[in-house]
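Survey of secondary and tertiary structure
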Amino acid sequence: MDVLRRPGLRRYRITERDIEDVLALLAPLLPRVDVAFMPRDPDDAHVVAAAVGGRADAIVTGDKGLLEDDRLRVWLNERGIGMYSPAELLERL
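In this report, we go over the structure that sits alongside the text. Please read these numbers as outputs of a predicted model, since none were measured by experiment.

What counts, and where the lines are drawn
Residues numbered from 1 in each chain as written. Predicted model: local features only at pLDDT ≥ 70, side-chain atom pairs only at ≥ 80, totals over all residues. Heavy atoms only, no water. Helix = DSSP H or I, 4+ residues; strand = E, 2+ residues; numbered from the N terminus. Buried < 20%, exposed > 50% of the residue type's maximum accessible area, 1.4 Å probe, protein only. Contact = heavy atoms within 4.5 Å. Patch = residues over 30% accessible without salt bridge, like charges linked within 9 Å, V, L, I, M, F, W, Y side chains within 5 Å. Areas by Shrake-Rupley, 256 points an atom, 1.4 Å probe, with all protein chains shown as cover. Salt bridge = Lys/Arg side-chain N within 4 Å of Asp/Glu carboxyl O. Core = buried A, V, L, I, M, F, W, Y, C linked by side-chain atoms within 4.5 Å.

Attention shifts here to the overall build of the protein chain. The helix and strand tally for the protein chain stands at six helices and two strands. If you list the helices and strands of the protein chain from N to C, you get α-α-α-β-α-α-β-α. The dimensions of the protein chain, computed from C-alpha atoms along their principal axes, are 40 × 30 × 25 Å. A burial count over the protein chain gives 20% of its 93 residues as buried. Taking contacts inside the protein chain between residues at least 6 apart in sequence as the whole, the part at least 24 apart equals 43%.

Have a look at this one:
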């Protein structure tokens, strides 16, 4: 919900209640993903779970906490998921 408070998103006038309503509708349809690895920052666990559950090829992020978590990077690579900064991804492409 912190993301909704960012200045660039305020213009859309999305409330926390709006998000809660959408999640309540979608929750029964979403797959449950249990990730046996906890990133250094527990707030990043949902990103890892989404990548694993969605069978992503990569996580592209500017979050230094994720990018500098070497144990997470190894764990993701073992599952076929790369992790790149936007600049690293552009370089690879």
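On the surface, V22, L25, L26, L29 and L30 cluster together into a nonpolar patch covering about 530 Å² of accessible area. Turning to its location among the elements, V22 is positioned in helix α2 (residues 16-26).

The next thing to look at is the pattern of salt bridges. Applying the stated rule across the entire model yields two salt bridges. Residue R17 pairs with D21 through a salt bridge whose shortest N-O separation is 3.1 Å. Here R17 and its partner D21 are both found in helix α2, four residues apart, which amounts to about one turn of the helix. For D21, a relative accessible area of 34% puts it in the partly exposed group. A salt bridge links R79 to E78, with the nearest nitrogen and oxygen atoms 3.5 Å apart. Taking relative accessible area as the criterion, R79 reaches 43% and is therefore assigned partly exposed.

As a rule of thumb, nonpolar side chains are buried together in soluble globular proteins. Judged by nonpolar contacts, F37, V48, A51, I59, L66, L67, L72, W75, L76, I81 and M83 together constitute the single largest core of eleven residues. For this core, the secondary-structure elements that each account for two or more residues are α3 (45-53), α4 (64-67) and α5 (70-78). If near-sequence neighbours (up to four positions away) are discounted, M83 is found in contact with I59, L66, L67, D69, L72, R73, L76 and E88.

As a further point, take unusual backbone geometry. We note that R13 has phi near 55 degrees; this positive angle belongs to a residue other than glycine. Along the polypeptide, R13 turns up in the loop between α1 (7-10) and α2. Residue class for R13 comes out exposed when judged on its relative accessible area of 71%. Despite not being glycine, R55 has its phi angle at roughly 50 degrees, a positive value. On the secondary structure map, R55 appears in the loop between α3 and β1 (58-60).

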